[in-house]
Amino acid sequence: MEAFLRRQNKYVVWAVCTIAVLVLPLALQYAGNFWVRIADFALLYVLLSLGLNIVVGYAGLLDLGYVAFFAIGAYMYGLLASPHLTEEFEWFATNFPDGLHLSIWLCIPLGAALAGIFGVLLGAPTLKLRGDYLAIVTLGFGEIIRVFMNNLDRPVNITNGPKGLSLIDPVRIFGLDLGKPLEITENFTIASVTWYYYLFLVLVFFSVIICHRLEVSRIGRAWMAIREDEIAAKAMGINTRNMKLLAFGMGATFGGVAGSMFAAFQGFVSPESFALTESVMIVAMVVLGGIGHLPGVILGAVLLSALPEVLRWVSGVFDLQSVSGGRLDPAILRQLMIALAMIIVMLLRPRGLWPTPEHGKSLQREAPAAKPQVAAAETEVAA
(Lines give C-alpha, C1' and ligand atoms only; values in the text may rest on other atoms or scores of the structure.)
Protein backbone atom coordinates (compact mmCIF):
# COMPACT_ATOMS: atom_id res chain seq x y z
CA MET A 1 0.00 0.00 0.00
CA GLU A 2 2.81 2.38 0.86
CA ALA A 3 4.51 1.65 -2.46
CA PHE A 4 1.23 2.35 -4.29
CA LEU A 5 0.77 5.68 -2.50
CA ARG A 6 4.38 6.59 -3.18
CA ARG A 7 3.87 5.84 -6.86
CA GLN A 8 0.69 7.90 -6.95
CA ASN A 9 2.45 10.83 -5.28
CA LYS A 10 5.18 10.60 -7.90
CA TYR A 11 2.61 10.83 -10.69
CA VAL A 12 0.96 13.82 -9.01
CA VAL A 13 4.32 15.62 -8.76
CA TRP A 14 5.07 14.94 -12.43
CA ALA A 15 1.60 16.18 -13.46
CA VAL A 16 1.95 19.39 -11.44
CA CYS A 17 5.43 20.05 -12.85
CA THR A 18 4.23 19.45 -16.40
CA ILE A 19 1.30 21.84 -16.03
CA ALA A 20 3.56 24.46 -14.44
CA VAL A 21 6.10 24.26 -17.27
CA LEU A 22 3.36 24.55 -19.91
CA VAL A 23 1.60 27.48 -18.24
CA LEU A 24 4.80 29.35 -17.31
CA PRO A 25 5.28 31.40 -20.53
CA LEU A 26 1.62 32.37 -20.66
CA ALA A 27 1.89 33.71 -17.12
CA LEU A 28 5.21 35.47 -17.83
CA GLN A 29 3.67 37.24 -20.83
CA TYR A 30 1.64 39.44 -18.50
CA ALA A 31 4.87 40.60 -16.81
CA GLY A 32 6.48 41.30 -20.17
CA ASN A 33 8.15 39.43 -23.04
CA PHE A 34 11.50 40.10 -21.35
CA TRP A 35 10.76 37.34 -18.84
CA VAL A 36 9.67 34.92 -21.55
CA ARG A 37 12.94 35.56 -23.40
CA ILE A 38 14.80 34.63 -20.22
CA ALA A 39 12.91 31.33 -20.16
CA ASP A 40 13.70 30.78 -23.87
CA PHE A 41 17.42 31.27 -23.35
CA ALA A 42 17.30 29.05 -20.27
CA LEU A 43 15.95 26.20 -22.43
CA LEU A 44 18.64 26.84 -25.06
CA TYR A 45 21.32 26.57 -22.38
CA VAL A 46 19.68 23.38 -21.13
CA LEU A 47 20.17 21.93 -24.63
CA LEU A 48 23.82 22.99 -24.61
CA SER A 49 24.39 21.64 -21.11
CA LEU A 50 22.84 18.27 -21.98
CA GLY A 51 25.22 17.96 -24.92
CA LEU A 52 28.28 18.94 -22.89
CA ASN A 53 27.20 16.55 -20.14
CA ILE A 54 27.69 13.67 -22.58
CA VAL A 55 31.32 14.68 -23.06
CA VAL A 56 32.18 15.87 -19.55
CA GLY A 57 29.69 14.04 -17.36
CA TYR A 58 29.48 10.62 -19.03
CA ALA A 59 32.86 10.22 -20.75
CA GLY A 60 34.88 12.42 -18.37
CA LEU A 61 36.48 14.48 -21.18
CA LEU A 62 36.98 18.10 -20.17
CA ASP A 63 35.88 20.21 -23.15
CA LEU A 64 36.36 23.99 -22.93
CA GLY A 65 35.64 24.64 -26.61
CA TYR A 66 32.05 23.42 -26.72
CA VAL A 67 30.78 26.82 -27.85
CA ALA A 68 32.44 26.12 -31.23
CA PHE A 69 29.70 23.60 -32.08
CA PHE A 70 27.11 26.13 -30.98
CA ALA A 71 28.64 28.60 -33.46
CA ILE A 72 28.78 26.03 -36.26
CA GLY A 73 25.09 25.23 -35.92
CA ALA A 74 24.14 28.91 -35.75
CA TYR A 75 26.14 29.89 -38.85
CA MET A 76 24.90 26.85 -40.75
CA TYR A 77 21.30 27.89 -40.16
CA GLY A 78 22.14 31.54 -40.87
CA LEU A 79 23.65 30.70 -44.26
CA LEU A 80 20.85 28.36 -45.30
CA ALA A 81 17.97 30.56 -44.13
CA SER A 82 19.09 34.08 -45.10
CA PRO A 83 19.75 36.05 -48.31
CA HIS A 84 23.49 36.30 -47.61
CA LEU A 85 24.65 33.63 -50.09
CA THR A 86 22.40 35.04 -52.83
CA GLU A 87 23.84 38.51 -52.32
CA GLU A 88 27.46 37.37 -52.34
CA PHE A 89 27.59 34.56 -54.92
CA GLU A 90 26.41 34.79 -58.52
CA TRP A 91 25.48 31.11 -58.77
CA PHE A 92 23.09 31.39 -55.83
CA ALA A 93 21.65 34.63 -57.25
CA THR A 94 20.94 32.89 -60.56
CA ASN A 95 19.35 29.76 -59.11
CA PHE A 96 17.78 31.30 -56.00
CA PRO A 97 16.85 34.90 -56.88
CA ASP A 98 14.68 35.26 -53.78
CA GLY A 99 17.36 33.90 -51.48
CA LEU A 100 18.20 30.50 -50.09
CA HIS A 101 15.48 29.87 -47.49
CA LEU A 102 15.59 26.19 -46.61
CA SER A 103 13.04 24.54 -44.36
CA ILE A 104 13.71 24.04 -40.67
CA TRP A 105 13.41 20.28 -41.27
CA LEU A 106 16.57 20.46 -43.39
CA CYS A 107 18.48 23.14 -41.49
CA ILE A 108 18.41 21.41 -38.09
CA PRO A 109 19.69 17.99 -39.33
CA LEU A 110 22.37 19.68 -41.44
CA GLY A 111 23.49 21.84 -38.52
CA ALA A 112 23.57 18.84 -36.19
CA ALA A 113 25.45 16.70 -38.73
CA LEU A 114 28.04 19.39 -39.46
CA ALA A 115 28.61 20.01 -35.75
CA GLY A 116 28.92 16.25 -35.17
CA ILE A 117 31.55 15.97 -37.91
CA PHE A 118 33.56 18.80 -36.35
CA GLY A 119 33.17 17.11 -32.97
CA VAL A 120 34.78 13.94 -34.34
CA LEU A 121 37.51 16.03 -36.01
CA LEU A 122 38.21 17.65 -32.64
CA GLY A 123 38.26 14.33 -30.82
CA ALA A 124 40.55 12.50 -33.27
CA PRO A 125 43.82 14.34 -32.43
CA THR A 126 43.05 14.49 -28.70
CA LEU A 127 42.53 10.78 -28.01
CA LYS A 128 45.73 10.47 -25.97
CA LEU A 129 45.19 13.69 -24.02
CA ARG A 130 43.59 13.91 -20.59
CA GLY A 131 42.73 16.48 -17.98
CA ASP A 132 44.37 19.89 -18.30
CA TYR A 133 46.03 19.11 -21.64
CA LEU A 134 42.71 18.13 -23.21
CA ALA A 135 41.12 21.29 -21.79
CA ILE A 136 43.82 23.49 -23.37
CA VAL A 137 43.46 21.85 -26.80
CA THR A 138 39.65 22.12 -26.82
CA LEU A 139 39.88 25.71 -25.60
CA GLY A 140 42.13 26.50 -28.55
CA PHE A 141 39.70 24.79 -30.93
CA GLY A 142 36.85 26.97 -29.70
CA GLU A 143 38.89 30.13 -30.20
CA ILE A 144 40.00 29.02 -33.68
CA ILE A 145 36.39 28.59 -34.79
CA ARG A 146 35.45 32.03 -33.43
CA VAL A 147 38.43 33.67 -35.17
CA PHE A 148 37.53 31.93 -38.42
CA MET A 149 33.96 33.17 -38.22
CA ASN A 150 35.28 36.65 -37.56
CA ASN A 151 37.64 36.69 -40.57
CA LEU A 152 35.89 34.65 -43.27
CA ASP A 153 34.67 37.80 -45.00
CA ARG A 154 37.67 38.02 -47.32
CA PRO A 155 38.83 37.17 -49.90
CA VAL A 156 35.49 35.33 -50.19
CA ASN A 157 32.71 36.63 -47.98
CA ILE A 158 31.20 33.55 -46.34
CA THR A 159 30.39 34.61 -42.76
CA ASN A 160 30.27 38.40 -43.30
CA GLY A 161 32.98 38.76 -40.66
CA PRO A 162 32.35 40.84 -37.55
CA LYS A 163 29.18 42.29 -39.10
CA GLY A 164 27.48 38.92 -38.75
CA LEU A 165 24.54 37.44 -40.62
CA SER A 166 21.19 39.21 -40.47
CA LEU A 167 17.68 38.78 -41.90
CA ILE A 168 17.67 35.13 -40.84
CA ASP A 169 14.32 33.42 -41.31
CA PRO A 170 12.28 32.54 -38.23
CA VAL A 171 11.11 28.98 -37.70
CA ARG A 172 8.06 27.96 -39.73
CA ILE A 173 6.35 24.71 -38.76
CA PHE A 174 3.26 23.40 -40.56
CA GLY A 175 2.54 26.84 -41.97
CA LEU A 176 2.84 28.53 -38.57
CA ASP A 177 5.37 31.39 -38.47
CA LEU A 178 6.87 31.43 -34.97
CA GLY A 179 8.29 34.87 -35.63
CA LYS A 180 4.82 36.43 -35.55
CA PRO A 181 2.38 36.64 -32.62
CA LEU A 182 -0.92 34.81 -32.94
CA GLU A 183 -4.06 36.56 -31.76
CA ILE A 184 -6.39 34.06 -30.11
CA THR A 185 -8.98 36.54 -28.84
CA GLU A 186 -9.19 40.30 -28.54
CA ASN A 187 -7.68 40.16 -25.07
CA PHE A 188 -5.25 37.27 -25.49
CA THR A 189 -2.33 36.94 -27.91
CA ILE A 190 0.41 34.33 -27.94
CA ALA A 191 3.66 36.22 -28.45
CA SER A 192 6.46 35.06 -30.73
CA VAL A 193 8.78 34.38 -27.79
CA THR A 194 6.11 32.11 -26.30
CA TRP A 195 5.97 30.02 -29.49
CA TYR A 196 9.72 29.60 -29.35
CA TYR A 197 9.46 28.58 -25.70
CA TYR A 198 7.23 25.63 -26.61
CA LEU A 199 9.50 24.68 -29.53
CA PHE A 200 12.58 24.69 -27.29
CA LEU A 201 10.66 22.77 -24.63
CA VAL A 202 9.87 19.99 -27.12
CA LEU A 203 13.54 19.83 -28.15
CA VAL A 204 14.63 19.66 -24.51
CA PHE A 205 12.08 16.90 -23.84
CA PHE A 206 13.41 14.70 -26.64
CA SER A 207 17.01 15.55 -25.72
CA VAL A 208 16.44 14.40 -22.13
CA ILE A 209 14.97 11.12 -23.40
CA ILE A 210 17.96 10.57 -25.70
CA CYS A 211 20.45 11.38 -22.94
CA HIS A 212 18.69 9.08 -20.49
CA ARG A 213 18.61 6.20 -22.95
CA LEU A 214 22.31 6.76 -23.69
CA GLU A 215 23.10 6.79 -19.97
CA VAL A 216 21.53 3.40 -19.29
CA SER A 217 22.72 1.80 -22.53
CA ARG A 218 25.90 -0.16 -23.14
CA ILE A 219 27.42 2.93 -24.72
CA GLY A 220 26.69 5.00 -21.62
CA ARG A 221 28.18 2.36 -19.34
CA ALA A 222 31.27 2.25 -21.56
CA TRP A 223 31.62 6.03 -21.31
CA MET A 224 31.37 5.88 -17.52
CA ALA A 225 33.95 3.09 -17.38
CA ILE A 226 36.32 5.30 -19.37
CA ARG A 227 35.55 8.20 -17.03
CA GLU A 228 36.37 6.17 -13.92
CA ASP A 229 39.49 4.39 -15.21
CA GLU A 230 40.44 4.40 -18.88
CA ILE A 231 43.14 1.76 -18.50
CA ALA A 232 40.76 -0.64 -16.75
CA ALA A 233 38.10 0.05 -19.40
CA LYS A 234 40.56 -0.79 -22.15
CA ALA A 235 41.57 -3.98 -20.33
CA MET A 236 37.89 -4.99 -20.21
CA GLY A 237 37.71 -4.86 -24.01
CA ILE A 238 36.11 -1.43 -24.48
CA ASN A 239 37.25 0.34 -27.64
CA THR A 240 38.14 3.61 -25.90
CA ARG A 241 39.08 5.34 -29.16
CA ASN A 242 35.69 4.82 -30.78
CA MET A 243 33.83 5.58 -27.54
CA LYS A 244 35.63 8.90 -27.11
CA LEU A 245 34.98 9.91 -30.71
CA LEU A 246 31.33 8.94 -30.30
CA ALA A 247 31.09 11.09 -27.15
CA PHE A 248 32.57 14.11 -28.91
CA GLY A 249 30.32 13.61 -31.93
CA MET A 250 27.12 13.04 -29.94
CA GLY A 251 27.75 16.01 -27.66
CA ALA A 252 28.52 18.26 -30.63
CA THR A 253 25.20 17.44 -32.35
CA PHE A 254 23.31 18.91 -29.38
CA GLY A 255 25.38 22.07 -29.73
CA GLY A 256 24.59 22.23 -33.45
CA VAL A 257 20.84 21.96 -32.84
CA ALA A 258 20.99 24.61 -30.10
CA GLY A 259 22.96 26.89 -32.42
CA SER A 260 20.38 26.53 -35.20
CA MET A 261 17.59 27.43 -32.79
CA PHE A 262 19.60 30.40 -31.48
CA ALA A 263 20.03 31.78 -35.01
CA ALA A 264 16.32 31.35 -35.80
CA PHE A 265 15.29 32.93 -32.51
CA GLN A 266 17.62 35.92 -32.72
CA GLY A 267 17.42 36.47 -36.49
CA PHE A 268 21.08 37.52 -36.30
CA VAL A 269 24.40 35.86 -35.46
CA SER A 270 27.85 37.34 -35.00
CA PRO A 271 31.18 36.06 -33.59
CA GLU A 272 30.68 38.00 -30.33
CA SER A 273 27.98 35.53 -29.30
CA PHE A 274 30.47 32.66 -29.20
CA ALA A 275 33.26 33.94 -27.00
CA LEU A 276 35.28 31.85 -24.56
CA THR A 277 33.16 33.06 -21.66
CA GLU A 278 30.18 31.17 -23.13
CA SER A 279 32.10 27.88 -23.03
CA VAL A 280 33.18 28.53 -19.47
CA MET A 281 29.61 29.32 -18.47
CA ILE A 282 28.27 26.11 -20.03
CA VAL A 283 30.91 24.06 -18.19
CA ALA A 284 29.95 25.89 -14.99
CA MET A 285 26.31 24.93 -15.54
CA VAL A 286 27.20 21.24 -15.76
CA VAL A 287 29.53 21.35 -12.75
CA LEU A 288 27.27 23.52 -10.60
CA GLY A 289 24.21 21.36 -11.23
CA GLY A 290 25.88 17.98 -10.84
CA ILE A 291 28.18 16.30 -13.33
CA GLY A 292 26.60 13.31 -15.04
CA HIS A 293 23.15 13.75 -13.44
CA LEU A 294 20.45 14.91 -15.85
CA PRO A 295 18.18 16.68 -13.30
CA GLY A 296 21.21 18.45 -11.83
CA VAL A 297 22.48 19.56 -15.23
CA ILE A 298 19.06 20.98 -16.11
CA LEU A 299 18.86 22.78 -12.75
CA GLY A 300 22.34 24.26 -13.15
CA ALA A 301 21.60 25.46 -16.70
CA VAL A 302 18.33 27.13 -15.68
CA LEU A 303 19.84 28.85 -12.66
CA LEU A 304 23.03 30.12 -14.29
CA SER A 305 21.24 31.29 -17.46
CA ALA A 306 18.37 33.04 -15.66
CA LEU A 307 20.29 34.43 -12.68
CA PRO A 308 22.30 37.07 -14.63
CA GLU A 309 19.17 38.47 -16.28
CA VAL A 310 17.21 38.46 -13.03
CA LEU A 311 20.08 40.29 -11.33
CA ARG A 312 20.12 42.76 -14.23
CA TRP A 313 16.50 43.56 -13.45
CA VAL A 314 17.22 43.75 -9.71
CA SER A 315 20.16 46.11 -10.22
CA GLY A 316 17.99 48.41 -12.32
CA VAL A 317 14.96 48.41 -10.04
CA PHE A 318 16.82 48.85 -6.75
CA ASP A 319 19.59 51.05 -8.19
CA LEU A 320 22.46 48.98 -6.83
CA GLN A 321 24.94 51.44 -8.34
CA SER A 322 24.07 53.91 -5.59
CA VAL A 323 25.35 51.38 -3.01
CA SER A 324 28.90 52.01 -4.20
CA GLY A 325 28.37 55.72 -4.66
CA GLY A 326 28.39 55.35 -8.44
CA ARG A 327 31.92 53.91 -8.53
CA LEU A 328 30.85 50.46 -9.73
CA ASP A 329 28.89 49.82 -12.89
CA PRO A 330 25.68 47.74 -12.44
CA ALA A 331 27.04 45.12 -14.85
CA ILE A 332 30.13 44.67 -12.67
CA LEU A 333 28.01 44.38 -9.55
CA ARG A 334 25.87 41.78 -11.28
CA GLN A 335 28.92 39.68 -12.20
CA LEU A 336 30.25 39.97 -8.65
CA MET A 337 26.95 38.72 -7.27
CA ILE A 338 26.92 35.77 -9.69
CA ALA A 339 30.51 34.84 -8.82
CA LEU A 340 29.77 35.10 -5.09
CA ALA A 341 26.69 32.88 -5.44
CA MET A 342 28.69 30.26 -7.37
CA ILE A 343 31.50 30.26 -4.78
CA ILE A 344 29.04 29.80 -1.92
CA VAL A 345 27.23 26.96 -3.69
CA MET A 346 30.43 25.10 -4.51
CA LEU A 347 31.69 25.48 -0.94
CA LEU A 348 28.46 24.15 0.52
CA ARG A 349 27.72 21.60 -2.23
CA PRO A 350 31.06 20.55 -3.76
CA ARG A 351 29.43 17.78 -5.84
CA GLY A 352 26.80 20.14 -7.27
CA LEU A 353 23.32 21.27 -6.37
CA TRP A 354 21.75 17.97 -7.43
CA PRO A 355 24.56 15.42 -7.73
CA THR A 356 24.29 11.90 -9.03
CA PRO A 357 23.81 9.22 -6.33
CA GLU A 358 27.13 8.21 -4.82
CA HIS A 359 28.85 5.14 -6.18
CA GLY A 360 28.87 2.10 -3.95
CA LYS A 361 25.60 2.70 -2.08
CA SER A 362 24.22 -0.65 -3.24
CA LEU A 363 27.36 -2.37 -1.95
CA GLN A 364 26.96 -0.61 1.40
CA ARG A 365 23.38 -1.86 1.66
CA GLU A 366 24.47 -5.43 0.85
CA ALA A 367 27.37 -5.35 3.34
CA PRO A 368 25.31 -6.20 6.50
CA ALA A 369 23.83 -9.27 4.79
CA ALA A 370 27.31 -10.52 4.01
CA LYS A 371 28.55 -10.27 7.62
CA PRO A 372 27.06 -13.63 8.85
CA GLN A 373 28.72 -15.43 5.95
CA VAL A 374 32.06 -13.82 6.78
CA ALA A 375 31.65 -14.74 10.45
CA ALA A 376 30.84 -18.37 9.55
CA ALA A 377 33.88 -18.55 7.30
CA GLU A 378 36.10 -17.20 10.09
CA THR A 379 34.70 -19.82 12.49
CA GLU A 380 35.47 -22.62 10.05
CA VAL A 381 39.03 -21.36 9.59
CA ALA A 382 39.50 -21.14 13.35
CA ALA A 383 38.21 -24.70 13.75
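Residues numbered from 1 in each chain as written. Predicted model: local features only at pLDDT ≥ 70, side-chain atom pairs only at ≥ 80, totals over all residues. Heavy atoms only, no water.

## Regarding the overall build of the protein chain
In terms of helices and strands, the protein chain carries 15 helices and six strands. The buried share of the protein chain, reckoned over its 383 residues, is 42%. Here the contacts in the protein chain between residues at least 6 apart in sequence split such that 73% fall between residues at least 24 apart. Surface exposure of the protein chain reaches about 20,800 Å², of which carbon and sulfur atoms provide 67%. (Helix = DSSP H or I, 4+ residues; strand = E, 2+ residues; numbered from the N terminus. Buried < 20%, exposed > 50% of the residue type's maximum accessible area, 1.4 Å probe, protein only. Contact = heavy atoms within 4.5 Å. Areas by Shrake-Rupley, 256 points an atom, 1.4 Å probe, with all protein chains shown as cover.)

## Things to note about the confidence of the model for the protein chain
On average, residues of the protein chain carry a pLDDT of 85, and 86% of them reach 70 or more. Residue range residues 359-383 is modelled with pLDDT below 50. Its contacts to residues more than four positions away, or to other chains, number two contacts. (pLDDT = per-residue confidence, 0-100.)

## A word on the layout of surface pockets
Unfilled space is identified by rolling a water-sized probe across the atoms. Put simply, the largest pocket is a space of about 1,400 Å³. Contributing to the lining of the largest pocket are 40 residues, with Trp14, Val21, Val204, Val208 and Ile298 lying nearest its centre. Mapped by element, the contributors of at least two residues to the lining of the largest pocket are α1 (2-31), α2 (33-58), α8 (192-216), α9 (218-228) and α13 (294-317). Element by element, the count of residues in the lining of the largest pocket is highest for α8, at ten residues. Class assignment for the residues of the lining of the largest pocket results in 31 nonpolar, seven polar and two charged. There is about 570 Å³ of room inside the second largest pocket. For the lining of the second largest pocket, the elements supplying multiple residues, two or more each, are α2, α11 (240-266), α12 (276-289), α13 and α14 (330-348). Considering every element that reaches the lining of the second largest pocket, the biggest residue donor is α2, with seven residues. For the lining of the second largest pocket, the per-class residue count stands at 13 nonpolar, five polar and five charged. (1 Å grid on protein atoms, 1.4 Å probe; cavity = no way out; pocket = protein on both sides within 12 Å on 5 of 7 lines; lining within 4 Å. Points joined across faces, edges and corners; volume = space filled by probe spheres on them. Nonpolar A, V, L, I, M, F, W, Y, C, P; charged D, E, K, R; others polar.)

## Points about unusual backbone geometry
Looking along the chain, the bond that leaves Arg154 and enters Pro155 is cis, with omega of 0°. Mapped onto the secondary structure, Pro155 falls in the loop between α7 (131-151) and β3 (172-173). Phi angles above zero are rare outside glycine, and Asn160 is one such case at about 65°. Within the secondary structure layout, Asn160 lies in the loop between α7 and β3. Phi angles above zero are rare outside glycine, and Leu167 is one such case at about 55°.

## Some points on the packing of α9 against α11
Relative placement of two packed helices is described by the angle separating their axes and the distance separating the axes. It is at 10 Å that the axes of α9 and α11 come closest, and there the two elements cross at 110°. Classified by the interaxial angle, the pair formed by α9 and α11 is roughly perpendicular. Along its contact with α9, which presents Ile219, Ala222, Trp223 and Ile226, the element α11 presents Thr240, Met243, Lys244, Leu246, Ala247 and Met250. Of the residues in the contact of α9 with α11, the class split is eight nonpolar, one polar and one charged. (Axes fitted to C-alpha atoms, helices over the stretch in contact; angles between N-to-C directions. Parallel < 35°, antiparallel > 145°, perpendicular 65-115°, else oblique.)

## A closer look at the side chain of Thr159
With respect to the helices, strands and loops of the structure, Thr159 is situated in the loop between α7 and β3. The exposure class of Thr159 is buried, given its relative accessible area of 3%. Within the structure, Thr159 has its side chain in polar contact with the backbone oxygen of Met149 (distance 2.7 Å). Look past the residues within four positions of Thr159 in its chain and what remains in contact with it is Tyr75, His84, Phe148, Met149, Leu152, Asp153, Gly164 and Leu165. (Polar contact = N/O pair within 3.5 Å; in protein donor to acceptor, adjacent residues only side chain to side chain.)

## Regarding α9
Three- or four-residue spacings in an α-helix give side chains the same orientation, since the helix completes a turn every 3.6 residues. Among all positions of α9, only Gly220, Ala222, Trp223, Met224 and Ile226 are buried. Buried positions along α9 lie against α2, α8, α10 (230-235) and α11.

## Comments concerning the packing of α2 against α8
Between α2 and α8, the shortest axis-to-axis distance is 9 Å and the interhelical angle comes to 15°. Our classification of the angle between α2 and α8 gives roughly parallel. By crossing handedness, the relation of α2 to α8 is classed as left-handed. Residues belonging to the contact of α2 with α8 are distributed by class as follows: 19 nonpolar, three polar and three charged. (Left-handed = near helix turned anticlockwise from the far one by under 90°.)

## Quick word on the environment of Leu52
As for its position among the elements, Leu52 is in helix α2. Taking relative accessible area as the criterion, Leu52 reaches 0% and is therefore assigned buried. In this structure the C-alpha to C-alpha distance between Leu52 and Phe254, which are 202 residues apart in sequence, comes to 8.2 Å.

## Some points on the pattern of salt bridges
Taken as a whole and judged by the stated rule, the model has six salt bridges. Two residues, Arg146 and Glu143, come together in a salt bridge whose shortest N-O distance is 3.0 Å. Of the two residues, Arg146 and Glu143 both sit in helix α7, three residues apart, roughly one turn of that helix. Accessibility expressed as a relative area gives 25% for Arg146, which makes it partly exposed. For Arg227, the salt bridge identified is with Glu228, shortest N-O distance 3.1 Å. (Salt bridge = Lys/Arg side-chain N within 4 Å of Asp/Glu carboxyl O.)

## Observations regarding the environment of Ile72
Assignment of secondary structure puts Ile72 in helix α3 (residues 67-80). The residues contacting Ile72, other than those within four sequence positions of it, are Leu114, Ala115, Phe118, Ile145 and Met149.

## Section: α3
Look at α3: 20 Å from first C-alpha to last across 14 residues, which is about the 20 Å you get at 1.5 Å a residue. Burial analysis of α3 places 14 of its 14 residues in the buried class, which makes it a mostly covered element. (Expected span 1.5 Å × (residues − 1).)

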